[in-house]
Amino acid sequence: MRAAFHLGETFNAAAWFVGRHSEEGRGERIALDTARGCTSYAELDLLVRRFAGALRGAGVRAGDRVAFVLPDAELLVAGFFGAIAIGAVAVPLNTMLRAGDHRAILDDCAPRLVVATADVAGDLGATDRTVWTPELAQAAMARAEPVPTYAPTHRDALAFFLYSSGTTGEPKGVVHLQHDMWVACETYGKHVLEIQESDRCFSVAKIFFAYGLGNSLYFPFHVGATSVLMAERPLPEAVFAEVRRGRPTIFFGVPTAYAHMLSAIDGGASAEFGSVRFCVSAGEALPGAIFERWQAATGLEILDGIGSTEICHIFLSNRRGACRPGSSGAPVPGYRLRLEDESGAEVPDGELGDLWVEGDSTMAFYWNKHEATKATLRGAWIRTGDKYRKDADGYLFHAGRSDDMIKAGGIWVSPVEVEGVLLTHPAVQECAVVGELDAEGLAKPQAFVVLRAQSETDEALAELLRAFLKERMAPYKVPRTITFVADLPKTATGKIQRFLLRRT
Ligand code: 3UK
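Because the structure is predicted, anything quoted here is derived from the model rather than measured.

Enquirer: Explain the site of the ligand to me, please; I cannot follow it from the model alone.
Expert: Near the ligand you find 21 residues, and of these D304, G305, T309, D386 and K407 are the closest. For the ligand, an oxygen atom lies 2.6 Å from a polar atom in the side chain of T309. In the model, an oxygen atom of the ligand is placed 2.4 Å from a nitrogen or oxygen of the D386 side chain. Burial of the ligand by the protein amounts to 95% of the accessible area it has alone, namely 610 Å².

Right, here's the structure in full:
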């Protein structure tokens with residue numbers, strides 16, 4: 001699947017995903033369904049062009065970045081596509097990060113304008129950028145004339161960045177082009193989801209994640225379907241209530257969310273998934289046991305598929321009616337996959353290899369990270385950093401990462417970042433953070449700590465260190481347990497061997 005063979009040179013993703021529907025007579029269809037009301041495609045088209053007009057009024061030009069720290073709601077959608085509508089670059093940011101993380105990302109992408117909720121907006125200012133709270137954004141939109149048309153951008157022009165955590169915890173700006181979302185729709189959307197105009201999508205993963213962006217925005221908007229949006233934290237009770245309210249037909253979750261929902265159901269919570277046709281899981285491997293328990297509880301299958309921020313969405317997935325629990329399934333039509341050994345040769349079936357992927361939704365490069373880009377891309381191919389094994393039937397099985405990165409709740413945790421903060425505590429001499437599987441078969445960060453002085457190595461100190469970390473980083477990065485040890489396994493050159501600490 002190559003965009004250049006299917007799209008003209010002029011292609012604007014906002015015109016495609018939003019504007020096109022009014023033009024083609026689908027303006028009355030519902031684009032967004034939230035607890036606060038519905039937005040039709042015609043209304044959204046006007047909001048997007050109004051937001052675009054407000055951006056122009058604020059001096060934003062084609063190529064400028066516009067960042068968002070907003071919950072999943074109409075304003076984020078209008079902003080994301082409004083920026084793209086004038087050829088600017090939309091940058092949705094993780095709302096769970098601390099102010100220091102946000103500032104580092106903003107310094108990297110240097111946006112002309114940031115739209116952020118009032119609680120964080122005050123921390124994000126700088127002389128060369130404007131910060132709008134939702135109220136200021138609404139006021140600017142009310143004053144602005146909607147732009148009459150969508151900018152005639154090149155199909156290969158920059159459209160959006162998504163920030164993804166790297167091994168050292170320093171986030172990398174993943175640069176995506178106008179055509180990338182379209183390619184994801186024509187591959188995974190068409191061949192795996194087989195999404196229809198009558199579908200209603202609901203995603204536990206928020207829009208600022210690459211997974212949520214596709215689930216909640218571009219897959220439904222590709223076909224004029226409806227996105228059910230929830231602004232709150234996706235705790236089981238809130239998710240159950242939203243499924244009852246929004247009656248989605250396709251439900252997108254992550255393994256931890258399925259595990260939490262199953263515990264809630266076991267605890268007596270009432271979950272009504274009657275509207276749902278099938279479920280999807282991504283972000284980390286879905287343990288076979290969770291697949292089986294979910295099917296027993298709801299009668300629904302969960303299609304596990306692996307995607308990445310760099311590849312835009314899912315490129316390897318199970319298929320409806322043919323799920324192989326514990327496996328990531330088979331390549332999505334439109335992507336080519338290759339498992340390589342260290343020399344670059346393809347490994348035979350049954351053997352472990354590094355997964356490389358070829359497909360036209362892949363990022364153009366990492367923003368301001370030339371070396372990291374060269375280490376990741378090879379022509380049309382991208383190195384995923386995942387180890388895989390293929391069985392004789394062509395099903396692929398995830399076998400961990402080739403780096404030490406941890407996926408907890410579907411979100412990256414960098415051991416180096418957590419260790420770096422732990423080391424600033426006066427009691428800590430050395431430490432190592434690894435992902436350890438819990439009873440559900442899901443990885444959680446766990447720390448091993450060597451203390452400076454032989455003090456009391458008890459629960460109280462572990463709690464103290466956890467509290468110390470919680471003050472300094474997003475809560476999901478904090479190790480669930482801290483184990484005190486006398487020393488850490490090292491290589492001859494003194495590098496900590498994290499893999500030896502993983503018991504699973
Ligand atoms: C891991 C999986 C096993 C894997 C994502 C769907 O997760 C997404 O993107 P990220 O950039 O992380 C990518 C990495 O996460 N992973 C994701 N899904 C699975 N491992 N089984 C899975 N099903 O290490 C991969 O390299 O955060 C998921 C759609 C878009 C996405 N960006």
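There is more to say, and it comes next.
Enquirer: Can you help me understand the domain arrangement of the protein in this one?
Expert: Interface size, as often reported, equals the accessible area lost upon joining of the parts. For the protein, the domain assignment lists domain 1 (1-178), domain 2 (181-362 + 377-402) and domain 3 (405-501). Taking the mean C-alpha position of each, domain 1 and domain 2 sit 24 Å from one another. Listed as interface residues are 42 residues of domain 1 and, on the opposing side, 39 residues of domain 2. The tally of links from domain 1 across to domain 2 stands at three salt bridges. Secondary structure elements with two or more residues in the side of domain 1 that touches domain 2: α1 (3-6), α2 (13-23), β1 (30-34), α3 (41-57), α4 (74-85), β7 (158-165) and β8 (171-177). Looking at which element gives the most residues to the side of domain 1 that touches domain 2, the answer is α2, with six residues. Among the residues making up the side of domain 1 that touches domain 2, the classes are represented as 28 nonpolar, eight polar and six charged.

Enquirer: Can you help me understand the sheet that holds strand β15 (residues 330-331) in this one?
Expert: Whether parallel or antiparallel, the strands of a sheet pair through hydrogen bonds between backbone atoms. Here we have nine strands laid out as an open sheet, ordered β2-β1-β10-β9-β11-β12-β13-β14-β15, and mixed in their pairing. Each edge of the sheet is formed by a strand with only one pairing partner; in this case those strands are β2 (37-40) and β15. Pairing between strand β9 (residues 200-203) and strand β11 (residues 250-253): three bridges, direction parallel. Directly across from C201, in β11, lies its bridge partner I250.

Enquirer: So what exactly am I meant to see when it comes to α3 here?
Expert: For an α-helix, 3.6 residues make a turn, and residues three or four places apart therefore share a direction. With 17 residues, α3 extends 24 Å from end C-alpha to end C-alpha; this agrees with the ideal 24 Å at 1.5 Å per step. Those residues of α3 that sit buried are Y41, L44, D45, L47, V48, R49, F51, A52, G53, A54 and L55. Immediately beyond the C-terminal end of α3, within one or two residues, lies G59, with a positive phi of roughly 90°.

Enquirer: Sorry, what's going on with the environment of F291 here?
Expert: Mapped onto the elements of the fold, F291 is located in helix α12 (residues 288-298). Residue classification places F291 among the buried residues on the basis of a relative accessible area of 6%. Put simply, F291 and R324 are 33 residues apart on the chain and 9.5 Å apart in space, counted from C-alpha to C-alpha. The contacts of F291, once residues within four sequence positions are left out, are L286, E301, I302, C323 and P325.

Enquirer: Hey, could you run me through the sheet that holds strand β24 (residues 428-437) in this one?
Expert: One open sheet holds the three strands; their spatial order is β24-β25-β26, and the pairing between them is mixed. Pairing within the sheet leaves two strands with one partner each, and these edge strands are β24 and β26 (481-484). If you compare each strand with its neighbour and ignore which way they point, the axes differ by 25° on average. In the sheet, β24 pairs with strand β25 (residues 443-451) via nine bridges, with the strands oriented antiparallel. Bridge assignment links A432 to a residue of β25, and that residue is F448. Those strands touched by helix α14 (residues 415-422) are β24 and β25, and its axis lies near 145° from that of β24.

Enquirer: What exactly am I supposed to notice about the environment of S164 here?
Expert: Along the polypeptide, S164 turns up in strand β7. Taking the C-alpha atoms as reference points, S164 and Y366, separated by 202 residues in sequence, lie 9.8 Å from one another. Filtering out sequence-adjacent residues up to four positions away, S164 remains in contact with E170, P171, K172, V174, T309, E310 and W412.

Enquirer: Looking at this structure, how should I read the packing of aromatic side chains?
Expert: For any pair of aromatic rings, the description rests on two quantities: the centre-to-centre distance and the angle between the ring planes. Enumeration according to the criterion identifies 21 aromatic pairs in this entry. Here the aromatic rings of F80 and F81 are separated by 5.1 Å at their centres, their planes lie at 85°, and the arrangement is edge-to-face. Judged on exposure class, the residue F80 and its partner F81 are both buried. Taken together, the ring pairs connect F17, Y41, F80, F81, F160, Y188, Y218, F219 and F221 into an aromatic cluster. Above the plane of the ring of Y395 lies R324, whose end atom (NZ or CZ) is 3.9 Å from the centre. Residue placement shows R378 over the ring face of W356; its charged tip is 3.8 Å from the ring centre.

Parameters at a glance
- Numbers given for residues are sequential positions, taken from 1 along each chain in its written order.
- Residues qualify for local features only when their pLDDT is at least 70, as the model is predicted, and side-chain atom pairs are given and counted only at 80 or more; totals for whole chains, interfaces and linings, by contrast, use all residues.
- Hydrogens and water molecules were not included; the side-chain quantities draw on all heavy atoms of the structure.
- Residue proximity to a molecule or strand is established when one non-hydrogen atom of the residue lies within 4 Å of it.
- Two N or O atoms form a polar contact when they lie within 3.5 Å of each other; inside protein one atom must be a possible hydrogen donor and the other a possible acceptor, and for residues adjacent in sequence the pair counts only when both atoms belong to side chains.
- Here the Shrake-Rupley method, with its probe set to 1.4 Å, supplies the accessible areas, and only the displayed protein chains count as covering residues.
- Boundary definitions for the domains trace back to an automatic or database domain assignment.
- Should any heavy atoms of two residues lie within 4.5 Å, those residues are counted as being in contact.
- One speaks of a salt bridge when a side-chain nitrogen belonging to Lys or Arg is within 4 Å of a carboxyl oxygen belonging to Asp or Glu.
- In this text, helices come from DSSP runs of H or I with a minimum length of four residues, and strands from runs of E with a minimum of two, each type numbered from the N-terminal end.
- Three residue categories are used. Nonpolar comprises Ala, Val, Leu, Ile, Met, Phe, Trp, Tyr, Cys and Pro, charged comprises Asp, Glu, Lys and Arg, and polar comprises the others, including Gly.
- Strand pairing is assigned whenever DSSP identifies at least 2 bridges connecting the two strands.
- Between the first and last residue of a helix there are one fewer steps than residues, each counted as 1.5 Å, and that sum is the expected span.
- Only protein chains enter the accessibility calculation, which uses a 1.4 Å probe; a residue is then buried when its area is under 20% of its type maximum, exposed when over 50%, and partly exposed in between.
- Note on method: axes are straight lines fitted to C-alpha atoms, helices fitted across the in-contact stretch only, with angles between N-to-C directions ranging 0 to 180 degrees.
- Ring geometry is summarised as follows: Phe, Tyr and Trp rings, the Trp one being its six-membered ring, pair when their centres sit within 6.5 Å, and such pairs are stacked at plane angles under 30 degrees, edge-to-face over 60 and tilted between the two.
- Sitting over a ring, as applied to charges here, requires NZ of Lys or CZ of Arg to be within 6 Å of the ring centre and within 35 degrees of the ring normal.

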